[in-house]
Number of protein chains: 2
Amino acid sequence: MNVTGEIPDIVVGRLPIYLRELNRMARSEDNMTTSSRDLGHRLGISSAQIRKDLSHFGEFGKQGTGYHIGYLIDQLTQILHLKEEWGVAVVGAGYLGHALANYRGFQDRGFHVVCVFDKDLDKVGIKMGDLTVQGIDELEETIDRMNVEMAIIAVPVSVAQEITDRLVKAGVKALLSYVPIHLNVPEGVQVSYSDPVVQMQRMTYYLTPVATTAAESST
Amino acid sequence: MNVTGEIPDIVVGRLPIYLRELNRMARSEDNMTTSSRDLGHRLGISSAQIRKDLSHFGEFGKQGTGYHIGYLIDQLTQILHLKEEWGVAVVGAGYLGHALANYRGFQDRGFHVVCVFDKDLDKVGIKMGDLTVQGIDELEETIDRMNVEMAIIAVPVSVAQEITDRLVKAGVKALLSYVPIHLNVPEGVQVSYSDPVVQMQRMTYYLTPVATTAAESST
DNA sequence: TAGATTGTTAATCGATTAACAATC
DNA sequence: TAGATTGTTAATCGATTAACAATC
């Protein structure tokens, strides 16, 4: 019950994974409870780590019984500030922006894409689900008016830092970037990156490259 | 020069970030060299960490001068097994699959999408860049024939584990999943996850939720 | 009660940082 | 030479794990 004090980032980072699995269990199974052992087994995480992680925030379980799934979901939802839905802006209406604006996975997980922007005038006006692509010049006004605090960036590398600066200036406090560069943001602004190439390069280290030997090449 | 022994995953995980920035420097700047201090400053990483990380693999720098950018790129490319291009299969031709199949960012970073599959017969035959969407029943034969060892999964949750099993059985050794569930794979198969919701939930923990008080609601 | 499982402690393990001799 | 910067060491810091009393 170390409820006070700084929680390590790495612990916070695992909570959404726990929450995701718990929701899955709530939806598809009849069990009302789970244990650190069971949850850990499903996620490839040790039971001790799960208990330790949760203990940073309170005592959510019962000896002998484990954790009530619904209750734990409720607590994690609260801890992660997901009781209210967060409006999200998507910047860039290319293939990826299109995929994000139409992504069903945001529903019921705390997020809702409320606006989409693109620089390209040919894209402005296009419908994406319930939304209409807006011009990039409307970015500041819209974000301010809608009180948007989160944004997803799916723009070309060349304009990513500039768009970031504009978003931050407009009040965005958390950014998810699909652009393959490091972004500079002021203290207090969260940034998370998703670069498929970086993820794949991390894996190829562990793979054996196909040794195209002279003998093979000559066959 | 601790070239032998196990390299920590976390160290391997930073190499693609270094490589990405180095390539950017090589492309857009005139400097032939950089230092751990300079590189670290650009990436928000300490210089000591960069030197330590690189020292696991060899001595790539020169006292007083730093690192020759081209040489370091070459070495990292070799370490990460990126000298040869890896063929990649994309499974799922929805919005996201579409975005991935058309993604230009793979070029020159070691990867090449060589096939795309979808279950939906309406999608089979559709052109995506140079590729044509194939039926899911062609998965095993194509992957085997093309010697594909990496795959990106962008299918519905309901079929993700089944598709994973089929890919692994067909010889895929590394998977990048955009599906929001934990996947079970045999020992030796690499998996990397990308779930935008998990990334955003990690950030909302640090954000202050909008306190919709009674007073506010009633205005 | 007997079995199961929590929350917590202490030990272990691993990663980061500061400092500096070596040297370009 | 003087300044810069490496690679490495040792110290510090942080995370994970094993173990167990408490208790449902």
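Participant: What am I meant to see in the sheet that holds strand β8 (residues 134–135) of chain A here?
Facilitator: Whenever strands of a sheet pair, they do so through backbone hydrogen bonds, lying parallel or antiparallel. Residues and elements named next belong to chain A. As summarised here, the arrangement of the 6 strands in space is β8-β5-β4-β9-β10-β11, forming an open sheet in which the pairing is parallel. This sheet does not close on itself; its edge strands, each paired only once, are β8 and β11 (190–193). Two strands pair when backbone bridges link them, and strand β10 (residues 174–177) and β11 are joined in this way by 4 bridges, in the parallel orientation. Counted as the bridge partner of Ser 177 is Tyr 193 from β11.

Participant: Can you help me understand the packing of helix α1 (residues 9–28) of chain A against helix α2 (residues 36–43) of chain A in this one?
Facilitator: For any two helices packed against each other, the geometry comes down to the angle between their axes and how far apart the axes lie. Residue and element names in this part refer to chain A. Where α1 contacts α2, the axes come no closer than 11 Å and their chain directions differ by 100°. Taken together, α1 and α2 sit at an angle that is classed as roughly perpendicular. Together, Ile 17, Tyr 18, Glu 21, Leu 22 and Met 25 of α1 and Asp 38, Leu 39, Arg 42 and Leu 43 of α2 make up the contact between the two elements. Here the residues of the contact of α1 with α2 are counted per class, giving 6 nonpolar, no polar and 3 charged.

Participant: What should I look at first to understand the side chain of B:Gln199 in this one?
Facilitator: By the element assignment, B:Gln199 lies in helix α8 (residues 196–204). Within the structure, the side chain of B:Gln199 is placed 2.8 Å from the backbone oxygen of A:Tyr193, a separation counted as a polar contact. For B:Gln199, the contacting residues outside a window of four places in its chain are A:Leu176, A:Ser192, A:Tyr193, A:Ser194 and B:Ser194.

Participant: Looking at this structure, how should I read unusual backbone geometry?
Facilitator: Negative phi values dominate among residues other than glycine, just as trans dominates among peptide bonds. All names here are of chain B. Residues other than glycine seldom take positive phi values, yet His 81 does so here, at roughly 60°. For His 81, a relative accessible area of 22% corresponds to the partly exposed category. If you check the backbone angles, Asp 108 has positive phi at about 65° while not being a glycine. Within the secondary structure, Asp 108 sits in the loop between α5 (95–101) and β5 (111–118).

Participant: Explain empty space enclosed by the protein to me, please; I cannot follow it from the model alone.
Facilitator: The gaps of empty space that remain are located by a probe, the size of a water molecule, rolled over the atoms. For the structure on display, the rule yields 1 cavity of 30 Å³ or more. Approximately 30 Å³ is the volume found for the largest cavity. A:Pro180, A:Ile181, A:His182, B:Ile17, B:Arg20, B:Glu21, B:Arg24 and B:Leu43 together form the lining of the largest cavity. If you tally residues by element for the lining of the largest cavity, the top one is helix α1 (residues 9–28) of chain B, at 4 residues. The residue inventory of the lining of the largest cavity, partitioned by class, reads 4 nonpolar, 1 polar and 3 charged.

Participant: Even after reading the chapter, I still don't get the layout of surface pockets, so can you show me in this structure?
Facilitator: In this structure, the largest pocket encloses a volume near 2,400 Å³. In terms of lining, the largest pocket is formed by 50 residues, of which the most central are A:Gln199, A:Arg202, B:Ser192, B:Tyr193 and B:Arg202. Put simply, the parts of the chain that give the lining of the largest pocket at least two residues each are α1, β11 and α8 (196–204) of chain A together with α1, β11 (190–193) and α8 of chain B. Here the lining of the largest pocket is composed, by residue class, of 25 nonpolar, 15 polar and 10 charged.

About the cut-offs
Residues numbered from 1 in each chain as written. Chains lettered and ligands numbered in written order. Predicted model: local features only at pLDDT ≥ 70, side-chain atom pairs only at ≥ 80, totals over all residues. Heavy atoms only, no water. Pairing = 2+ DSSP bridges. Helix = DSSP H or I, 4+ residues; strand = E, 2+ residues; numbered from the N terminus. Axes fitted to C-alpha atoms, helices over the stretch in contact; angles between N-to-C directions. Parallel < 35°, antiparallel > 145°, perpendicular 65-115°, else oblique. Contact = heavy atoms within 4.5 Å. Nonpolar A, V, L, I, M, F, W, Y, C, P; charged D, E, K, R; others polar. Polar contact = N/O pair within 3.5 Å; in protein donor to acceptor, adjacent residues only side chain to side chain. Buried < 20%, exposed > 50% of the residue type's maximum accessible area, 1.4 Å probe, protein only. 1 Å grid on protein atoms, 1.4 Å probe; cavity = no way out; pocket = protein on both sides within 12 Å on 5 of 7 lines; lining within 4 Å. Points joined across faces, edges and corners; volume = space filled by probe spheres on them.

Nothing here speaks to function; it is all geometry.
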